[in-house]
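Inside the fold
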Amino acid sequence: MQPNETPSSSTAPATTPDAGLLTVVLVEDSLTIRRQLLQRLDAVPGLRVIGEAADETTAIALVTALQPRAVLLDLSLAQGGSGLAVLKTLRKQGFAGQVHVLSHQTEAYRAGVLAAGANGFFDKAEELDVMLRQLTGHADLPMPAPLDADALHGRLDQTVRLALRDGSEVVVHVIAGHAAELPPLAAQLMAGLEGGDLIGWAGRADAPLLCVVQIDADDAPPLRERLDVLAPDVRLGRARLPEDALSAGGLIGLAALRALGQLPG
C-alpha cells in the first residue's frame, strides 16, 4: 500500500474475533446514551462490542481495521460529524456488514439513510429492542439481568468518574426488603429500565440489597412512587453524587445505611 492510499474493506483486520460472534462497532457521541446501549448490548448472547467511536474519523478507522459484522451508528456525531457521511463512506469502501442507524429523527431522514445503504433506521429511545431483533435475527431476546455486586461496583465506579468529569447527576438508591421479594422486584424494575440506569445487587449473600443507579434521570414518577405500587413494604435509601459521597463504595454504603434505617434520610 502506498503512503497516501486509503485502506479498503479488504484490508486484513487488526484482530480476528471468533467466527461465531456477532461483532459490533458502536458509534455514538453521547456518553449517557452510549452507556445505555452498551448495557443492553452486554445482555445479548453471542454479541460483542469490539470498538466505540464518537466521531466520523474514528468510526471509519475502527470499522476499516476491525471489520465487524455490524455497525450501530448515531446520525449526529461529535465535532459536527454525520452518521450519514460515515455510512456512505463505508459502503463506498465496500463494507458489507450490517449498518443500523439510530436517531431521534427517524421519519425525517429514513428514506435518505436507507437509500444510502443502511440495513435499518430506528428511534434510539423507542425501538432499541426492535433493532436488536433485526440485528441478531432472534425473535426473543433475554432481558438484562441485575449486575452482581462486583460488576455493579465496577460499573458505578466508572460512572462516577465520568459524572465528575462531565458534571452529570448520579443518584444511588438502595432497596431493602425480604430476600424472597427482591428478585421479582428487580425483574419488574429491569423491564422499565430508563436510559443509562444500572440495577444490581449489594449487601451480603444472606441479606441482599437491591441497588438502582440513575444517571441524569428525569425520575417521573419517582422511584418511591413506583415501589409503592410494586412492593410497598420495601425500604428505600438514597445517596447523591457529589453531595453525599464521591466514590461508588461511599454512595452504596450511605444509601444502604439509610435503607436499613441506621441513618436518617
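Since we're looking at a predicted model, the values are computed, not measured.

Quick notes on unusual backbone geometry
Cis geometry is found at the peptide bond from Leu241 to Pro242, where omega equals 0°. Structurally, Pro242 can be placed in the loop between β9 (235–241) and α9 (248–259).

Topic: the sheet that holds strand β3 (residues 70–74)
The parallel open sheet is built from five strands, whose spatial order is β2-β1-β3-β4-β5. Looking at which strands have only one partner, the edges of the open sheet turn out to be β2 (47–53) and β5 (120–123). Pairwise comparison of adjacent strand axes, ignoring direction, gives a mean angle of 25° for this sheet. Both β3 and strand β4 (residues 98–103) contribute to a ladder of five bridges, which runs parallel. Bridge assignment links Leu73 to a residue of β4, and that residue is Val101. Helix α1 (residues 31–42) contacts β1 (22–27), β2, β3 and β4 of the sheet and is inclined by roughly 165° relative to β2. The strands that helix α2 (residues 56–66) touches are β1, β2 and β3; relative to β2, the one it contacts most, it runs at about 140°.

Brief notes about the side chain of Arg34
Looking at the secondary structure, you find Arg34 in helix α1. What makes Arg34 buried here is its relative accessible area of 13%. Of note is the side chain of Arg34, whose polar atom sits 3.1 Å from the backbone oxygen of Glu28. Setting aside residues no more than four positions away along its own chain, Arg34 makes contact with Leu26, Glu28, Asp29, Glu52, Ala53 and Ala54.

Observations regarding the layout of surface pockets
The space that makes up the second largest pocket amounts to roughly 270 Å³. Together, 15 residues line the second largest pocket, and Arg34, Arg35, Leu38, Glu52 and Gln158 are the ones closest to its centre. Secondary-structure elements contributing two or more residues to the lining of the second largest pocket are α1, β2 and α6 (149–166). When residues in the lining of the second largest pocket are grouped by element, the largest group, six residues, is from α1.

Parameters at a glance
Residues numbered from 1 in each chain as written. Predicted model: local features only at pLDDT ≥ 70, side-chain atom pairs only at ≥ 80, totals over all residues. Heavy atoms only, no water. Helix = DSSP H or I, 4+ residues; strand = E, 2+ residues; numbered from the N terminus. Pairing = 2+ DSSP bridges. Axes fitted to C-alpha atoms, helices over the stretch in contact; angles between N-to-C directions. Contact = heavy atoms within 4.5 Å. Buried < 20%, exposed > 50% of the residue type's maximum accessible area, 1.4 Å probe, protein only. Polar contact = N/O pair within 3.5 Å; in protein donor to acceptor, adjacent residues only side chain to side chain. 1 Å grid on protein atoms, 1.4 Å probe; cavity = no way out; pocket = protein on both sides within 12 Å on 5 of 7 lines; lining within 4 Å. Points joined across faces, edges and corners; volume = space filled by probe spheres on them.

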